[in-house]
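Examination of the molecular architecture
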Amino acid sequence: MSLKLDPFLVCNRLVKEEWENREYELHLKRLNDIKNRKTKVETIRFPVILNNSKKAQLEEENQNEIDRNALYTEKKIKKINSQKNPDIWNPEYEKRKIREMNRNRGITSLETENQRMYKKIKNIKGAYSIKKWDEDFENHLRYLKFSEKKFYTPRGMGHRKLKSLPEMKYDRANYIQKNKNTLKMLNQAVNQQDRGDVVLMKTLVQLNYYERMETKKSYEETYQSDLKKGLTKVMEKQYEPLINALLTDNNSVDIDKIYESLYEPSEAAVVIVEAIISRNSEDRDSLLAAFETKIDSSLSSEIESKLEGELKIFLLSFIQNQNLNKDKYDEKQADSWAKNLGKNFSYTSDEFLEIFKSSSKKQLNVFFKSYQKIHGIELCKESDLYKPICKSIKFIQTYLNNPILFKTEKIQKTFKANKPEFLRLLAIQPQKDLDEIVKNYNKKANIDTDIRNAFSQDVSRLILKMVHKNTDE
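Looking now at the overall build of the protein chain. Assigned secondary structure in the protein chain consists of 24 helices and zero strands. Considering the protein chain as a whole, with its 473 residues, one finds that 33% of them fall into the buried category. Taking the contacts inside the protein chain whose residues are at least 6 apart along the sequence as the reference set, 68% of them involve residues at least 24 apart. Counting only carbon and sulfur atoms, one obtains 51% of the accessible surface of the protein chain, whose full area is about 32900 Å².

Quick look at helix 22 (residues 431-444) now. Between the first and last C-alpha of helix 22 there are 21 Å, a value that for 14 residues agrees with the 20 Å anticipated at 1.5 Å per step. Turning to helix 22, its buried residues are Gln431, Leu434, Ile437, Val438, Asn440 and Tyr441. Here the buried face of helix 22 lies against helix 20 (403-417), helix 21 (419-427), helix 23 (447-454) and helix 24 (457-467).

Looking at the second largest pocket, its volume works out to about 190 Å³. Ala189, Gln192, Asp194, Arg195, Gly196, Asp197, Val234, Met235, Glu236, Gln238, Tyr239 and Asp458 together form the lining of the second largest pocket. Looking at the lining of the second largest pocket residue by residue, the classes come out as four nonpolar, three polar and five charged.

Taken together, the side chains of Tyr24, Leu28, Leu31 and Ile34 make up a nonpolar region of the molecular surface, amounting to roughly 380 Å² of accessible area. One can find Leu31 in helix 1 (residues 13-36).

Turning to the packing of aromatic side chains, a few remarks are in order. For the structure shown, the criterion picks out 19 aromatic pairs. Summarising the aromatic geometry, the rings of Phe314 and Phe356 are spaced 5.1 Å apart at their centres and angled 70 degrees between planes, so their arrangement reads as edge-to-face. With a gap of 42 residues between them, Phe314 in helix 15 (residues 309-318) and Phe356 in helix 17 (residues 350-358) connect regions that are remote in the sequence. With a relative accessible area of 0%, Phe356 lands in the buried category. Plain terms: the ring middles of Phe395 and Phe406 are 5.1 Å apart, the flat faces sit at 85 degrees to each other, and that makes the pair edge-to-face.

Remark: helix 9 (residues 227-234) packs on helix 10 (residues 240-247), axes separated minimally by 10 Å, with the N-to-C direction vectors making an angle of 170 degrees. Looking at the two axes, helix 9 sits roughly antiparallel to helix 10. Touching Leu227, Lys228, Leu231 and Thr232 of helix 9 are Glu240, Ile243, Asn244 and Leu247, all from helix 10. Classifying every residue of the contact of helix 9 with helix 10 by side-chain character gives four nonpolar, two polar and two charged.

A separate point is the nonpolar core. Formed by 47 residues in total, the largest nonpolar core has its most connected members in Phe352, Phe356, Leu379, Ile393 and Ile396. Element by element, the count of residues in this core is highest for helix 12 (residues 265-277), at eight residues. If we skip the residues at most four places from it in the chain, Phe352 touches Phe314, Leu341, Phe345, Ser346, Tyr347, Leu379 and Ile393. The next biggest cluster of nonpolar side chains, apart from the first, holds 44 residues, and it includes Val199, Leu200, Ile447 and Val459.

Cut-off values and rules
- Residues numbered from 1 in each chain as written.
- Predicted model: local features only at pLDDT ≥ 70, side-chain atom pairs only at ≥ 80, totals over all residues.
- Heavy atoms only, no water.
- Helix = DSSP H or I, 4+ residues; strand = E, 2+ residues; numbered from the N terminus.
- Buried < 20%, exposed > 50% of the residue type's maximum accessible area, 1.4 Å probe, protein only.
- Contact = heavy atoms within 4.5 Å.
- Areas by Shrake-Rupley, 256 points an atom, 1.4 Å probe, with all protein chains shown as cover.
- Expected span 1.5 Å × (residues − 1).
- 1 Å grid on protein atoms, 1.4 Å probe; cavity = no way out; pocket = protein on both sides within 12 Å on 5 of 7 lines; lining within 4 Å.
- Points joined across faces, edges and corners; volume = space filled by probe spheres on them.
- Nonpolar A, V, L, I, M, F, W, Y, C, P; charged D, E, K, R; others polar.
- Patch = residues over 30% accessible without salt bridge, like charges linked within 9 Å, V, L, I, M, F, W, Y side chains within 5 Å.
- Salt bridge = Lys/Arg side-chain N within 4 Å of Asp/Glu carboxyl O.
- Phe/Tyr/Trp six-rings, centres within 6.5 Å; stacked < 30°, edge-to-face > 60°.
- Axes fitted to C-alpha atoms, helices over the stretch in contact; angles between N-to-C directions.
- Parallel < 35°, antiparallel > 145°, perpendicular 65-115°, else oblique.
- Core = buried A, V, L, I, M, F, W, Y, C linked by side-chain atoms within 4.5 Å.

So, in structure tokens, the structure goes:
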């Protein structure tokens, strides 16, 4: 409600003054009320915080982590003191270890490469083979015979020295032309320009193991690609085991077996001996050279470092035998060895090791029979049959007694257990041995029937052609 009075007419002066005074007093009262009002709003002031709360929080969390680690360490110490084999694995340590390995990877790889090169250079030895020199000289004489009309032949060499030279095993010109045709047909099969099974029937199936390896090498040099991978890629899955059997290097397979067997003496006693005794001189030298190339260490060095005892000494002597594939043998010498050796001989004696270091296969076979005839017992005693060295000797005796029968039994076992290995063993056999193996195989079962039952019709046709190259099967 307003205190202001509206003006109005009065009848005299006194009433007017009274009214004006009253209005003036009301005005003063209003001014006084205005002065007493609070015109300013007081600002709310908060207390000033002088510390860093986030920092205090982090410090508190860090201290809690330290306390937990201290408690964990205390528990681990108690566990170590209370147990014989405590579990003290620390994942954080493993992480740090991995980081350190990654940082030092360059240095470690460089040191490893240097050590490998040093080991390879250290183990390199000169190889001198008189037999290889003689073969090279004979090849040289044959070359002079072919080139006598084109090049000068020195006096005392070639046709000027010998009236009749030995005939070549094959006509070189025809062989080169045949090889070129084979490579061309295989390349057409790889490029799907011809049927793969037809090409295999005309080429690889007709060749022996050495010709296939030479063809594989020539194909890679000519077309800069892997023949086995190319055929496997374009042909059906059913042909893959046969392609692998035809084009797999026997040395590579045996090297892997030998290297794995070195960690198990009883297995090495058979695997190494079989690889050496089943090869001729050239193939054995090729195996030893391939082993050193692939493993960066010679077989002798690996045997020296991984095997021990009697087996190590025996194998080192046996692989050094350069007379193993010779045809010479002397029954009187075998009888003399058997008598001098006696019954209570040592497997590490010089007399015993010299027999296996210098004898041919035929000489060893005669020696085994002479020893049993003279002493009435086997070379290895029954009490020693558990020894790895006796497994080697027993294997040599079994193999030399009848190599074809041994190969036949091995092929029959692999047929039941491992079909790809069965095909590989058939593929690496010389044709002469393969014919004998087939005859022995057919005494217990029929190899043709087994192949037809185990493989498809198209694949079995190729396998049978490989087995019976000289027949119309």
